[in-house]
Amino acid sequence: MTTQSATDPSPSPPTKTVRILIKGRVQGVFYRNWTIENATQLGLKGWVRNRRNGSVEALFSGDPDKVQEMEQRCRRGPPDALVTGFDVSPCNEDPGTGFERRPTV
């Protein structure tokens, strides 16, 4: 019988957190709802919001491969979107417990 002691915790899986700024025709094309669906499907935490300058900003956190997959999906976006600019930066902000839509900033 094996017991796991408090001094030997199981390793937590690696987590990657990024902030993404998406520019182009990304408002009024269901980009945020599409992002929520895709991020939830991939099991990511974080948020998405519109910015007053017409861009969309998002924070994704989770399994590094899933975060990378979400980055690729966001480069295309939903069918009516036209992504013309894409900026990804590492982030250490707390992503929260789920994936949510935040108010416009």
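Residues numbered from 1 in each chain as written. Predicted model: local features only at pLDDT ≥ 70, side-chain atom pairs only at ≥ 80, totals over all residues. Heavy atoms only, no water.

- Looking at an unreviewed UniProt entry, one finds the protein chain named acylphosphatase, with Tripterygium wilfordii as its source organism.
- Recorded under Catalytic activity (unreviewed entry), the UniProt text for the protein chain is reproduced unchanged: "an acyl phosphate + H2O = a carboxylate + phosphate + H(+)".
- The Sequence similarities (unreviewed entry) field of the UniProt record for the protein chain holds the comment "Belongs to the acylphosphatase family." (UniProt positions renumbered as here; feature names shortened; annotations may be inferred.)

1. Comments concerning the UniProt feature "active site" (unreviewed entry) in the protein chain
Then, number 1: The sites that carry the UniProt feature "active site" (unreviewed entry) are, in the present numbering, R32 and N50. Taking the farthest pair of C-alpha atoms as the criterion, the annotated set spanning 19 residues converges on one region, since that pair is 7.8 Å apart.
Then, number 2: Checked against the element boundaries, R32 lands in helix α1 (residues 31–41).
Then, number 3: Look past the residues within four positions of R32 in its chain and what remains in contact with it is V48, R49, N50 and R101.
Then, number 4: With respect to the secondary-structure elements, N50 resides in strand β2 (residues 45–50). (Helix = DSSP H or I, 4+ residues; strand = E, 2+ residues; numbered from the N terminus. Contact = heavy atoms within 4.5 Å.)

2. Considering the pattern of salt bridges
Then, number 1: As enumerated under the stated definition, the model contains eight salt bridges in all.
Then, number 2: The residue E57 makes a salt bridge to R49 at a minimum N-O spacing of 2.9 Å. In terms of burial, E57 and R49 fall into one category: buried.
Then, number 3: When the shortest N-O distance is used, the salt bridge between E69 and R73 registers 2.8 Å. Of this pair, E69 and R73 both sit in helix α2 (residues 64–76), separated by four residues, roughly a single helical turn.
Then, number 4: By relative accessible area, E69 is classed as partly exposed at 33%.
Then, number 5: You can call R73 buried: its relative accessible area is 15%. (Salt bridge = Lys/Arg side-chain N within 4 Å of Asp/Glu carboxyl O. Buried < 20%, exposed > 50% of the residue type's maximum accessible area, 1.4 Å probe, protein only.)

3. Describing the packing of α1 against α2
Then, number 1: For the pair α1 and α2, interaxial distance at closest approach is 11 Å and the crossing angle is 155 degrees. What the angle tells us is that α1 and α2 run roughly antiparallel. In this structure, α1 crosses over α2, and the sense of that crossing is right-handed. Across the interface between the two elements, Y31, W34, T35, N38, A39 and Q41 from α1 touch M70, R73 and C74 from α2.
Then, number 2: Among the residues making up the contact of α1 with α2, the classes are represented as five nonpolar, three polar and one charged. (Axes fitted to C-alpha atoms, helices over the stretch in contact; angles between N-to-C directions. Parallel < 35°, antiparallel > 145°, perpendicular 65-115°, else oblique. Left-handed = near helix turned anticlockwise from the far one by under 90°. Nonpolar A, V, L, I, M, F, W, Y, C, P; charged D, E, K, R; others polar.)

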